[in-house]
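# Descriptive analysis of the structure
Listed here are the chains, written in short residue letters.
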Amino acid sequence: MRDLRLRSLWLALGLALVGFVFVLSVLPTADVPVRGFNDKINHVLGFVAMTLWFCALFERRRWLMVSGAMLALGILIEVTQGLLPTGRKADVLDLVADSAGIGAGVLLARLGLEGWPSWFERVLVGKVRQP
């Protein structure tokens, strides 16, 4: 992992984000609090956010691992949706949208957004004074 002062916090928040996305993905359709967006756009945006989050926490040499983990999450969500009687169904096009989000998240990280946790730490916590 990257050398971040709030590393544990960033990791915990990222895992909470993954949990939140998973829960929203397997809730019965009637219980989903936010509706009206295109389902595929939801998939893309959710996976962009999660992928960018974890790319920012791990070195570039680990981004393939991050991408694989995100794809595994997308597969897990679809399998779970197919197995649970929640009114949802597994959809291979959701995996395509997830993959597009993963690719976009890696691209955004590569274009410079991978440093967002360091920026937040500088703004929120301030620079550490050298003795």
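Along every chain, residues carry numbers that run from 1 in the direction the sequence is written. Totals for whole chains, interfaces and linings use every residue, but because this is a predicted model, local features are given only for residues with pLDDT of at least 70 and side-chain atom pairs only at 80 or more, for both listing and counting. Excluded from the side-chain calculation are hydrogens and water; included are all heavy atoms of the structure.

## Details of the overall build of the chain
So the rule is basically this: Put simply, DSSP marks the helices as runs of H or I at least four residues long and the strands as runs of E at least two long, and each gets a number from the N terminus on. Throughout, exposure labels follow a simple rule: accessible area from a 1.4 Å probe, protein chains only, divided by the maximum for the residue type, with under 20% read as buried, over 50% as exposed, and the rest as partly exposed. Note on definitions: a residue-residue contact is assigned when non-hydrogen atoms from the two residues lie within 4.5 Å.
The number of helices and strands found in the chain is five helices and zero strands. Sequence-ordered secondary structure for the chain, helices as α and strands as β, is α-α-α-α-α. Dimensions of the chain along its principal axes, counting C-alpha atoms only, are 60 × 25 × 25 Å. Scored against the burial criterion, the 131 residues of the chain give a buried share of 33%. Long-range pairs, those at least 24 residues apart, make up 79% of the contacts in the chain between residues at least 6 apart in sequence.

## Looking at helix α5 (residues 116-124)
Worth spelling out the cut-off: By construction, the arc corresponds to the directions joining the helix axis to the C-beta atoms.
Along α5, the positions that sit buried rather than exposed are Trp-116, Pro-117 and Glu-121. Taken down its axis, α5 places every buried residue within 140° of arc, on the same side. Where the residues of α5 are buried, they touch α1 (7-26) and α2 (39-57). Following α5 by one or two positions, Gly-126 adopts a phi angle in the positive range, close to 85°.

## Considerations on helix α4 (residues 92-110)
Put simply, the test is: For a helix, the expected span equals 1.5 Å multiplied by the number of residues minus one. Polar contact is the term for a pair of N or O atoms within 3.5 Å; when the atoms are in protein, one must be able to donate a hydrogen and the other to accept it, and sequence-neighboring residues count only if both atoms are side-chain atoms.
End to end, α4 covers 27 Å across 19 residues, agreeing with the expected 27 Å (1.5 Å per residue, within 8%). Regarding α4, the residues found buried are Asp-94, Ala-97, Asp-98, Gly-101, Ile-102, Gly-105 and Ala-109. Down the axis of α4, the smallest arc covering the buried residues is 145°, so these residues share one side. Set apart from the buried face of α4 by more than 90 degrees, the exposed residues are Val-92, Leu-93 and Val-96. Turning to α4, the residues buried within the fold contact α2 and α3 (63-83). The N-capping residue of α4, defined by a side-chain oxygen 2.9 Å from the backbone nitrogen of Leu-93, is Asp-91. Following α4 by one or two positions, Gly-112 has its phi on the positive side, about 125°.

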